[in-house]
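# Coordinate inspection notes
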Protein chains: 4
Amino acid sequence: MVVVLRSDVAQEKIQHLISWLEEKQLIVREFQGQEQCVLGLIGNTAAIDIDMLRGLDIVESVAEMRDPFKAANRAIHPEDTVVTTLGGKGPAIGGGQFALIAGPCSVESRAQILAVAEGVKAAGANFFRGGAFKPRTSPYDFQGLGADGLALLLEVKKATGLPIVTELMDIRTIELFEDVDVIQVGARNTQNYDLLRELGKLNQPILLKRGLAGTIKELLMSAEYIMASGNENVILCERGIRTYESAYTRNTLDLSAIPVLKDLTHLPVVVDPSHGTGRADLVPSMALAAAAAGADGIMIEVHNDPARALSDGPQSLTPAEFHDVARRIFKVREAIGL
Amino acid sequence: MVVVLRSDVAQEKIQHLISWLEEKQLIVREFQGQEQCVLGLIGNTAAIDIDMLRGLDIVESVAEMRDPFKAANRAIHPEDTVVTTLGGKGPAIGGGQFALIAGPCSVESRAQILAVAEGVKAAGANFFRGGAFKPRTSPYDFQGLGADGLALLLEVKKATGLPIVTELMDIRTIELFEDVDVIQVGARNTQNYDLLRELGKLNQPILLKRGLAGTIKELLMSAEYIMASGNENVILCERGIRTYESAYTRNTLDLSAIPVLKDLTHLPVVVDPSHGTGRADLVPSMALAAAAAGADGIMIEVHNDPARALSDGPQSLTPAEFHDVARRIFKVREAIGL
Amino acid sequence: MVVVLRSDVAQEKIQHLISWLEEKQLIVREFQGQEQCVLGLIGNTAAIDIDMLRGLDIVESVAEMRDPFKAANRAIHPEDTVVTTLGGKGPAIGGGQFALIAGPCSVESRAQILAVAEGVKAAGANFFRGGAFKPRTSPYDFQGLGADGLALLLEVKKATGLPIVTELMDIRTIELFEDVDVIQVGARNTQNYDLLRELGKLNQPILLKRGLAGTIKELLMSAEYIMASGNENVILCERGIRTYESAYTRNTLDLSAIPVLKDLTHLPVVVDPSHGTGRADLVPSMALAAAAAGADGIMIEVHNDPARALSDGPQSLTPAEFHDVARRIFKVREAIGL
Amino acid sequence: MVVVLRSDVAQEKIQHLISWLEEKQLIVREFQGQEQCVLGLIGNTAAIDIDMLRGLDIVESVAEMRDPFKAANRAIHPEDTVVTTLGGKGPAIGGGQFALIAGPCSVESRAQILAVAEGVKAAGANFFRGGAFKPRTSPYDFQGLGADGLALLLEVKKATGLPIVTELMDIRTIELFEDVDVIQVGARNTQNYDLLRELGKLNQPILLKRGLAGTIKELLMSAEYIMASGNENVILCERGIRTYESAYTRNTLDLSAIPVLKDLTHLPVVVDPSHGTGRADLVPSMALAAAAAGADGIMIEVHNDPARALSDGPQSLTPAEFHDVARRIFKVREAIGL
């Protein structure tokens, strides 16, 4: 439920209303716009008498929300969320700030990731990604370097200044991620609700991937799990969905998810064309398309030697290919005034 | 099967080989590249002794084609097909030439379509679209003005000079379409093979829409039906596919189909973000994304009064909204060097 | 709109009401139940004043129908439709009467189809199927024997007494099907509305297949096209739908469509496990499942030599395999009291 | 890789070969058939010289396996796995033994579950199911009674003798499930690999649900995660997949998964028509269909008062409705000789 207050209401009266609503076991989110204050009520709003609320002199209007996502709802929080990093000194995502996230699928060695990180930084990337814990369909495939991989990522951060994006799979390893800048939740864990609740107790930004065949609504509800536990630094990531068309692409990249999500929520939206297509040769055109559609960020897999990558080689660009794509992404953003 | 000939072969020897292949009941397509001639063999190639063919002194190499589409295959015809209109004096599609196709879903009246046509032409559209025969899911819904609608479209063509794109549904009405510039095959008829074969006997360009839940391969095989009957002026159109995600969009627009198709075939690829999303507010960002992904054309539904449209109002732009999108489409194309 | 009349209303008053409704350009379908008469109003019911109708002394209640299908709607026609053949002397489908339809995908020769027909008849099949006109994805594949194939099918009918089920693809060949007992509309033509309208002018039963990726509602709306043109002898056929799971089956057979359809419509529902799975080894268990779920008929591809079939060999049973399945189908029907 | 040994080989020689293979870091599974012994090699089989293996006098043949699932593969373990409960004194699943699992979606109170458990036991159910930890899409919905719910389930087990099936969501609560007879992994956790690995260290049977839009192969690979960690008591559960058809059913129940899985793997296959359709009125026909298709078990949601259920009421049967379905399930199984 959204309560829009009149423009000239005293702060004291607002606090009084909030206290009363909180006594009803509701979570109240206050959004102070330029002229008016909006209250978002989360929880069992059936306990509230809407007509009574509408009758209050400080209330301009009350709207029930059909959407089951609340903290993530743009109706409650009309302005874009801007997710910051490195204590506010690092790059930000959302509200016009653009994230270009690049790096290999898996961390393989110090030499590998340092070389890739320097290459992508020179090309304009402002985040470095790499997987230390890898969710692999087969138990017999390479499962990542684990804690050692995390340590290597932090070395790269120190060497390049780039904030690190990496995936957390197991709720029991959460303390290992203390110095990670952005914690990624992979597509197989998008609805691992206990994991989401734990991440909601942290302050770090969470990059939440859409499920393998997840709906837009499920993605927002999973964001809601994190936000309802207290962490509002959530970045949504479109990474391709599962459809009947699998002969030529690994997934079908749903670029319409960008404007759909930006209409429904204030959270930033990032696109991963590497997993979204599964083919390096399609990544450049899909990255440009994502930029043109207004994505707040693009995440691209880059590997110094794709043919020998331990995972996802066929969808990785070389640093030189990434350089060329990055240049054109910036041009497209400029062309459409972003 | 593709036969690549040596670079210095006499034309006489080539004709001799072609005659011999045609005696074997094969269709032979000759593609003269800058240095070499390539022959595409279509039909029952099992009747040919490949080793014998490879042994000929004029043959450099012979490749079997895994793909079941042949005339449409870029391996046979490496250069982009350019589809022309108005006897070569009108706008062209493909090979770098861009089609901006706009107009209402249904032809409703002379006044309506003239107003829309003038609006979209001023904004940069070079084709006018409008439906006279409408495939509607319900037999009780408005089915289009039929032959009267076609007549009105031809009046618009005379008044504005814009070539006309309109849909043919019933094989028995084919002679009514004699003066139509581009004949559209709708998503429900993509695999109406008897219709495709008849269209293959015409010379007019055919805009072939991908089926409601059609695969890339099916789209190419349907193009193959038209081409195998003799008409090579086929334009492919991505218009959204059916997926599990239907809460926020009518279809899921598959923009990766653009680079996938342009890799597989030499035919031009057009995108219809109006049917692809079903929502006017998503059309601008998806049109820009299609342009950035390298589409050869974009087709947008425009209506002078979307709220009162007899069909597809919710996905139609106003002429003013179209004007703004068109301007940005051209900017994106310029930014990426198209 | 459905108008339920009181139980004791004179026939004269009913006719008076019907005439009045028909003057309003509505199609009125009268269903005489055991105690009451129900009128189904089809067309632009917005022209009717519902409150006035409710106020009539012969009217018990008026219900608006949310469902866009009307003639096919069970609310208008609560009792099962029973489709009959051979002028009422042949087997019937629906209302407890079961159709076991068997035969090869394609008619290949007189000897082939006679052998198969005798085999399946001995096993309990009461309809013979075979394709003379074949919709093939590739223009270079075998397209069926055409009119010659139809003639062979009619010979089989004469020899065995089995009514014939065969597919019509091209609206222009409709007169060739005059002696065909059940005309099949294939999955690629389910939304070929001009074809459906023509079939609506015939009296023959139409076996309408669900589209390749067709929804339940689209199937019913396509039945509606046939019925709105005057032919109420429509049999619906579930034949598998297109989903992301294509590694082990050609389609995903949607057996829940049986109870869903039987709830929504009075038309009989037949299941095709051969196309529904694409694998002969899965046909027996899926046929038994369809029987257990209450299908009004099952259609199975049977070929005397599947390995050499010109089409769909991998999904065809031998006559001996069919015999075994048929026996178990009848046992399952008996077990559940059908 | 599968190594088939000759029929007359001394046990000592077999052990010698196994030791040698284990030194190569392979996991070796020995399956003793009636006449011959088959060894399944799991792990990095590339380290083995196949030709050398084929040359051994005790080896009849060596086959490489294309399928990435190994321990779950029927090629390695041709006979059906039979999963037992209550130390071998309870009901078993697989190899002809049938599981009828019934109970409410959520444990709500002692009175509720006792009443339901007695009702379903009287109707022939041999397992009781109920959720204590509930994965709900919204963080604001009822999340289950948790540990208290588990305690209530164990009381029901004591009172009725029925083994308990209940879901584990959070890896950290694993010790609470010590006395649970069958641990369920829900559709949102099918690819939570760390959870699967932990469950692989237990001895209890695991009922593994297919993912929301999971492929057959993914389901088998997830079973492989459990089995590779040492627990071979895995029961697979088809529970409906996500498709474009969502107007009339919550999911599309994929009954062809039953014969497909039983061909690929030796593990028992259970069907959940309640989640598979989301509609109580469709559950009976789909349960009968699952029985006819050869399922090793059927799991049905039963609630004493579906209209007031805290979760999934619309898909729950009453005990009386369950009684009727159970009776007919047994009749169908008898009819087809199971």
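Every chain is numbered on its own, with residues counted from 1 as its sequence reads. Here the convention is simple: chains get letters from A, ligands get numbers from 1, in the order in which they are written. pLDDT decides what is reported in this predicted model: residues at 70 or higher carry local features, side-chain atom pairs at 80 or more are listed and counted, and totals for whole chains, interfaces and linings draw on all residues regardless. Based on all heavy atoms of the structure, the side-chain values leave hydrogens and waters out of the count.

## Let's talk about the overall build of chain A
Put simply, DSSP marks the helices as runs of H or I at least four residues long and the strands as runs of E at least two long, and each gets a number from the N terminus on. Summing up its helical and strand segments, chain A has 10 helices and 12 strands in all. Within these notes, the globule rule equals 2.2 Å times the number of residues to the 0.38 power, and the radius of gyration is based on C-alpha atoms. Compactness check: chain A gives a C-alpha radius of gyration of 21 Å against a globular reference of 20 Å for 338 residues, within 12% of the reference. Taking the principal axes of its C-alpha atoms as reference, chain A extends roughly 70 × 45 × 45 Å. Burial here depends on accessible area, computed with a 1.4 Å probe over protein chains only, as a share of the maximum for the residue type. Under 20% is buried, over 50% is exposed, and the range in between is partly exposed. When burial is assessed residue by residue, chain A has 64% of its 338 residues classed as buried. Two residues form a contact once any of their heavy atoms are found within 4.5 Å. In chain A, the proportion of contacts linking residues at least 24 apart, taken out of those at least 6 apart, comes to 68%. Note on areas: Shrake-Rupley, 1.4 Å probe, and residue coverage restricted to the protein chains presented here. Taken as a whole, chain A presents about 12,100 Å² of accessible surface, with 47% of it coming from carbon and sulfur. Distance from the positive charge centre (33 side chains) to the negative charge centre (43 side chains) of chain A: 4 Å. Note that His is not counted, nor are the chain ends; the positive residues are Lys and Arg, and the negative ones are Asp and Glu. Every charge is mapped to an atom, namely NZ of Lys, CZ of Arg, CG of Asp or CD of Glu.

## A closer look at the sheet that holds strand E3 (residues 37–42) of chain A
Residues and elements named next belong to chain A. The 4 strands lie next to each other as E2-E3-E1-E4, forming an open sheet whose pairing is antiparallel. Of all strands in the sheet, those bounded by a partner on one side alone are strand E2 (27–32) and strand E4 (59–63). The mean angle between the axes of side-by-side strands here comes to 20°, regardless of whether they run parallel or antiparallel. Strand direction decides the pairing type here: E2 and E3, joined by 6 bridges, are antiparallel. Within E3, the position partnered with Phe-31 by the bridge is Val-38. A pair of strands is labelled paired if DSSP reports no fewer than 2 bridges between them. Angles run from 0 to 180 degrees between N-to-C directions of axes, and those axes are lines fitted to C-alpha atoms, restricted for helices to the stretch in contact.

## A word on the packing of aromatic side chains
Between 30 and 60 degrees the pair is tilted, below 30 it is stacked and above 60 it is edge-to-face, where a pair is any two Phe, Tyr or Trp rings, Trp via its six-membered ring, whose centres lie within 6.5 Å. For the structure on display, the rule yields 8 aromatic pairs over all chains. Note that Arg242(B) overlies the ring of Tyr244(D), its terminal NZ or CZ placed 5.5 Å from the centroid. Geometrically, a lysine NZ or arginine CZ counts as sitting over a ring once it is within 6 Å of the ring centre and also within 35 degrees of the ring normal.

## Observations concerning the side chain of Arg74(C)
All names here are of chain C. Structurally, Arg-74 can be placed in the loop between strand E4 (59–63) and strand E5 (99–103). As used in this structure description, the phrase polar contact means that two N or O atoms lie within 3.5 Å; if the pair is within protein, one of them must be able to donate a hydrogen and the other to accept it, and residues adjacent in sequence are counted only when both atoms belong to side chains. Of the polar contacts made by the side chain of Arg-74, one reaches the backbone oxygen of Thr-265; its length is 3.1 Å. Look past the residues within four positions of Arg-74 in its chain and what remains in contact with it is Glu-79, Asp-80, Lys-262, Asp-263, Leu-264, Thr-265 and His-266.

## Things to note about the relation of the copies chain D and chain A
Least-squares superposition of the copies uses the C-alpha atoms of those residues scoring a pLDDT of at least 70 in each of them. Rotating chain D by 180° about the axis while translating it 0.1 Å along that axis superimposes it on chain A, leaving an RMSD of 0.1 Å. Interpreted geometrically, this transformation is the action of a two-fold axis. Measuring from the rotation axis to each C-alpha of chain D, the shortest distance belongs to Ala213(D), at 2.9 Å. When the interface residues of chain D are mapped onto chain A, 100% of them again fall at the interface, so both copies present the same face.

## A look at the interface of chain A and chain B
Contacts between the two partners involve 37 residues from chain A and, on the opposite side, 37 residues from chain B. Accessible area that two parts lose when put together, evaluated with a 1.4 Å probe and summed over both, is termed the buried area. When the two sides are added together, the surface that chain A and chain B hide from each other amounts to roughly 2,900 Å², 69% of it contributed by carbon and sulfur. A pairing counts as a salt bridge when a side-chain nitrogen of Lys or Arg comes within 4 Å of a carboxyl oxygen of Asp or Glu. Here chain A and chain B share 4 salt bridges between them. Summed over the shared surface of chain A and chain B, the number is 8 residue pairs in polar contact (both at pLDDT 80 or more). When contributions to the side of chain A that touches chain B are tallied by element, the ones reaching two or more residues are helix H6 (216–228), helix H7 (257–264), helix H9 (283–292) and helix H10 (319–335) of chain A. With 5 residues, H9(A) is the largest single contributor of residues to the side of chain A that touches chain B.

## Observations regarding the nonpolar core
Ranked by internal contacts, the top residues of the largest apolar core, which has 336 residues, are Phe322(A), Phe322(B), Phe322(C) and Phe322(D). In contact with Phe322(A), not counting residues within four places along its chain, are Leu100(A), Ala102(A), Val120(A), Ala123(A), Ala125(A), Ile300(A), Val302(A) and Leu317(A). Throughout this description, the term nonpolar core refers to a set of buried Ala, Val, Leu, Ile, Met, Phe, Trp, Tyr and Cys residues connected via side-chain atoms within 4.5 Å.

## Let's talk about the relation of the copies chain A and chain B
Of the transformation placing chain A onto chain B, the axial shift is 0.0 Å and the rotation is 180°, giving an RMSD of 0.1 Å. In this assembly the copies share their binding face: 100% of the residues contributing to the interface of chain A also contribute to that of chain B.

## Re the interface of chain D and chain A
Each side of the interface is counted separately: chain D has 33 residues, and chain A has 33 residues. Buried surface at the junction of chain D and chain A, summed over both partners, amounts to about 2,800 Å²; 54% is from carbon and sulfur atoms. It is Thr137(D), Tyr140(D) and Arg172(D) that lose the most area in chain D upon contact with chain A, and together they represent 21% of the buried surface on that side. On inspection of chain D and its partner chain A, the count reaches 4 salt bridges. Arg172(A) serves as the salt-bridge partner of Glu198(D), at 3.2 Å between the closest nitrogen and oxygen. Linking chain D with chain A are 18 residue pairs in polar contact (both at pLDDT 80 or more), by the criterion used here. Of all elements in the fold, only helix H5 (193–199) and helix H6 (216–228) of chain D reach the threshold of two or more residues within the side of chain D that touches chain A.

## A look at H7(A)
Burial of H7(A) is extensive: 6 of the 8 residues sit out of reach of the surface. For H7(A), the set of buried residues is Ala257(A), Ile258(A), Pro259(A), Val260(A), Leu261(A) and Leu264(A).

## Overview of the state of the cysteines
In this description, the term disulfide denotes a pair of cysteine sulfurs within 2.5 Å. Under the criterion given, the structure shown has 0 disulfides over all chains. Not engaged in a disulfide, the cysteine Cys237(A) finds its nearest cysteine sulfur in Cys105(A); these two sulfurs lie 13 Å apart.

## Some thoughts on unusual backbone geometry
Its identity is not glycine, yet Leu86(A) carries a phi of approximately 50°, on the positive side. Here Leu86(A) lies in the loop between E4 and strand E5 (99–103).

## Quick look at the pairing of E5(C)
All names here are of chain C. The element E5 is extensively covered by neighbouring structure, given that 5 of its 5 residues are classed as buried. Neither face of E5 is left uncovered, since the one carrying Ala-99, Ile-101 and Gly-103 and the one carrying Leu-100 and Ala-102 both have all their residues buried. Inspection of the sheet shows E5 paired to strand E12 (residues 297–301) by 5 bridges, in the parallel sense. From the neighbouring strand, Ile-101 faces E12, where its bridge partner is Met-299. The pairing of E5 with strand E6 (residues 127–129) spans 2 bridges and is parallel. Note that in E6 the partner of Ile-101 across the bridge is Phe-127. By convention, a crossover is right-handed whenever its connection, traced from the first strand over the helix to the second and viewed with the strands pointing away, goes clockwise. Considered for its hand, the β-α-β crossover made up of E5, helix H3 (residues 110–122) and E6 is right-handed.

## A closer look at the confidence of the model for chain A
Confidence scores per residue from the predictor, reported as pLDDT, run from 0 to 100. Averaged over all residues, the pLDDT of chain A is 92; the fraction at 70 or higher stands at 99%. On the interface metric, ipTM, the complex scores 0.87, and its pTM is 0.88.

## Structural notes on the sheet that holds strand E12 (residues 297–301) of chain A
Residues and elements named next belong to chain A. The parallel closed barrel is built from 8 strands, whose spatial order is E5-E6-E7-E8-E9-E10-E11-E12. Each neighbouring strand pair of the sheet contributes to a mean axis angle of 25°, computed without reference to strand direction. By the bridge criterion, 2 bridges tie strand E6 (residues 127–129) to strand E7 (residues 164–167) in an arrangement that is parallel. Bridge assignment links Phe-128 to a residue of E7, and that residue is Ile-164. Together, strand E10 (234–238) and strand E11 (269–271) form the strand contacts of H7, whose direction differs from that of E11 by roughly 165°. Along the sheet, H10 contacts E5 and E12; its crossing angle with E5, the most-contacted strand, is approximately 170°.

## Things to note about the environment of Gly200(A)
In this structure, Gly200(A) sits in the loop between helix H5 (193–199) and strand E9 (206–209). When residues no more than four places from it in sequence are discounted, the contact partners of Gly200(A) are Ile226(A), Ser229(A), Gly230(A) and Asn231(A).

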